[in-house]
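Summary of the model geometry
Residue strings, one per chain:
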Amino acid sequence: MVNLEKLYHKIALQVIERCHGAIKIKKHGKIIEVYDPKRHIWSNGLAGLIIKEECKNANLRDWEIANVRSYVIKELLGKSD
């Protein structure tokens, strides 16, 4: 069995790399906007779609998206262990 924490962390890093680290978050850890390099605009709803797409590419279930989102937020806030 694969260590799920490592898998979630790996996918979170893929999400950040895909957005080139251009993700705006609030102080309380809610993702607000991400930069879409294809359209060269900041988008409000794109963060969830990118996370969902990366999770599907890794064959994760729908309920695991929330876990990956929390790892993205931790990584961006610098609270990762």
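Refer to the structure presented above.
The following paragraphs examine the structure supplied in this document. (Residues numbered from 1 in each chain as written. Predicted model: local features only at pLDDT ≥ 70, side-chain atom pairs only at ≥ 80, totals over all residues. Heavy atoms only, no water.)

1. Describing the packing of helix H1 (residues 4-18) against helix H2 (residues 46-57)
The N-to-C vectors of H1 and H2 enclose an angle of 130°; their axes lie 10 Å apart at closest approach. One finds that H1 runs oblique with respect to H2. Handedness of the crossing formed by H1 with H2: right-handed. Contacts between H1 and H2 involve Ile-11, Gln-14, Val-15 and Arg-18 from the former and Ile-50, Ile-51, Glu-53, Glu-54 and Cys-55 from the latter. (Axes fitted to C-alpha atoms, helices over the stretch in contact; angles between N-to-C directions. Helix = DSSP H or I, 4+ residues; strand = E, 2+ residues; numbered from the N terminus. Parallel < 35°, antiparallel > 145°, perpendicular 65-115°, else oblique. Left-handed = near helix turned anticlockwise from the far one by under 90°. Contact = heavy atoms within 4.5 Å.)

2. Some words on the pattern of salt bridges
For the structure on display, the rule yields 2 salt bridges. For Glu-53, the salt bridge is made with Arg-18, and the minimal N-O distance between the two is 2.9 Å. Here Glu-53, found in helix H2, pairs with Arg-18, found in helix H1; they are 35 residues apart in sequence, far enough to count as distant. The exposure class of Arg-18 is partly exposed, given its relative accessible area of 30%. Between Arg-18 and Glu-54 there is a salt bridge whose closest N-O contact spans 3.2 Å. (Salt bridge = Lys/Arg side-chain N within 4 Å of Asp/Glu carboxyl O. Buried < 20%, exposed > 50% of the residue type's maximum accessible area, 1.4 Å probe, protein only.)

3. Observations regarding the environment of Gln-14
Residue position: Gln-14 is located in helix H1. Of the residues examined, Gln-14 reaches a relative accessible area of 31% and is grouped as partly exposed. Taking C-alpha positions, Gln-14 is 9.8 Å from Ile-50, a pair spaced 36 residues apart along the chain.

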